[in-house]
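Descriptive structure summary
Spelled out from the first residue to the last, the chains are:
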Amino acid sequence: MIEVKNLRKEFGSKVAVDGISFEVKKGEVLGFLGPNGAGKSTTMRMVTGFLPATAGKISVGGADIEENEIQAKSRIGYLPENAPLYSDMTVEGFLRFCAEMRRVPDSELDDAVDRAIETCFLEKVRRQSVDTLSKGFRHRTCLAQSIIHDPEVLILDEPTDGLDPNQKHEVRNLIKRMGEEKAIIFSTHILEEVEASCSRAIIIDRGAIIADGTPDYLKGRAKNAGSLILRATGLPGSGIEGELKKLGEVSEVDVLKSNDDGITARVRAASGKDGDLAAAVFGMATAKNLTVEELRVEEGRLDELFREITRTDTED
Ligand SMILES: Nc1ncnc2c1ncn2[C@@H]1O[C@H](COP(=O)(O)OP(=O)(O)OP(=O)(O)O)[C@@H](O)[C@H]1O
Ligand SMILES: [Mg+2]
């Protein structure tokens, strides 16, 4: 549904997007992660046709965003970063106006407005004017606007920003549900959101893609993924550390806590020994009559990977 090739955007001498390529199929939810200023919003604005690219190709449902602009744009629903709203309209008046702009046929207008209101939990404010809404409700009205014409493609720039935890949860589920029959791109700074809603994620840094894969794959790339946490008592910590280091399956022991009667340590496998590590550590503990209070494999965390691979000084 979405094909992006070698996308580039320059603002004067500043390169905001530096040769990004990706595809999103129907039934896929792609998460955009990256530090502030990485180029996520700029990429989304180009994909939706709001901002012309300096170079590169974008097509939506086979229609080129520049050559077949109307056709491509009609397939897209877009929640921009700073979504504009007409503050003196009521919620339902605004959504009706958006539906008309999106050329929803007159006979379907009422249904389209009701559906968007229901989907975005706006029932109790539907007759309220937009300028009296709280931030979260205003944001949800913008989200409702993006789905009013039931588009095949959704581009959502930080769709859960400013929502309370319950609404964040609802919107994540909504994205996941809608993702079953649409192609969705959404950006977020909340890494657990990626695990909750995305089939795939890309991490962007300084305008370029630096990681791309399923949430599980990305978590597996974190430095601590696959390491073992051992909490055991029965020998002084230094003694247990020594026993761990003797094992051929172990390459590294990070002592997290150690005292006269035990240790908490992170143990990393020697290369090619990942599958044997837990058994070897447990075998040593049994042989030394240790009491194992905890023994678990770390699955890796997205925020660890994020910090490991992105640079923080992006605004230079
Ligand atoms: N209209 C513009 N003129 C000049 N520079 C711009 C313009 N729009 C964006 N930029 C710059 O492009 C870079 C990327 O910005 P962008 O808004 O895409 O980042 P982002 O990844 O969405 O960040 P955030 O997480 O803060 O939303 C930034 O350095 C920004 O200052
Ligand atoms: Mg942004």
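Placed above this text is the structure.
Here the structure is a predicted model, which is why all the values come from computation and not from measurement.

1. Structural notes on the pairing of strand 6 (residues 76-79)
Residues I76 and Y78 of strand 6 are buried on one face, and the alternating residues G77 and L79, pointing to the opposite face, are buried as well. In terms of strand pairing, strand 6 meets strand 7 (residues 153-157) through four bridges, oriented parallel. Paired with I76 across the two strands is V153, which belongs to strand 7.

2. Let's talk about the sheet that holds strand 13 (residues 262-269)
Whether parallel or antiparallel, the strands of a sheet pair through hydrogen bonds between backbone atoms. Pairing is antiparallel across the open sheet formed by four strands, whose spatial order is 12-13-11-14. Every other strand in the sheet has two partners, leaving strand 12 (250-259) and strand 14 (291-297) as the edge strands with one partner each. Along the sheet, successive strands turn relative to each other by an average axial angle of 15°, direction set aside. Examined bridge by bridge, strand 11 (residues 228-233) and strand 14 share six bridges and lie antiparallel to one another. Paired with L228 across the bridge in strand 14 is V297. The sheet strands contacting helix 9 (residues 237-246) are strand 11, strand 12 and strand 13, and the helix crosses strand 12 at an angle near 170°. On the sheet, helix 10 (residues 274-287) packs against strand 11, strand 13 and strand 14 and is oriented at approximately 175° with respect to strand 14.

3. Describing the sheet that holds strand 2 (residues 14-24)
Strand order in the open sheet formed by four strands is 2-1-4-5, and the pairing between neighbours is antiparallel. Strand pairing shows two members of the sheet lacking a second neighbour, strand 2 and strand 5 (63-64), which therefore form its edges. Of the pairings in the sheet, the one linking strand 1 (residues 2-11) to strand 2 comprises eight bridges and is antiparallel in character. If you follow E10 over to strand 2, its bridge partner there is V15. Lying on the sheet, helix 1 (residues 40-47) is in contact with strand 1, strand 2 and strand 4 (55-60); it crosses strand 1 at an angle near 120°.

About the thresholds
Residues numbered from 1 in each chain as written. Chains lettered and ligands numbered in written order. Predicted model: local features only at pLDDT ≥ 70, side-chain atom pairs only at ≥ 80, totals over all residues. Buried ≥ 20, exposed ≤ 12 C-beta atoms within 10 Å, placed from the backbone. Helix = DSSP H or I, 4+ residues; strand = E, 2+ residues; numbered from the N terminus. Pairing = 2+ DSSP bridges. Axes fitted to C-alpha atoms, helices over the stretch in contact; angles between N-to-C directions. Contact = placed C-beta atoms within 7 Å.

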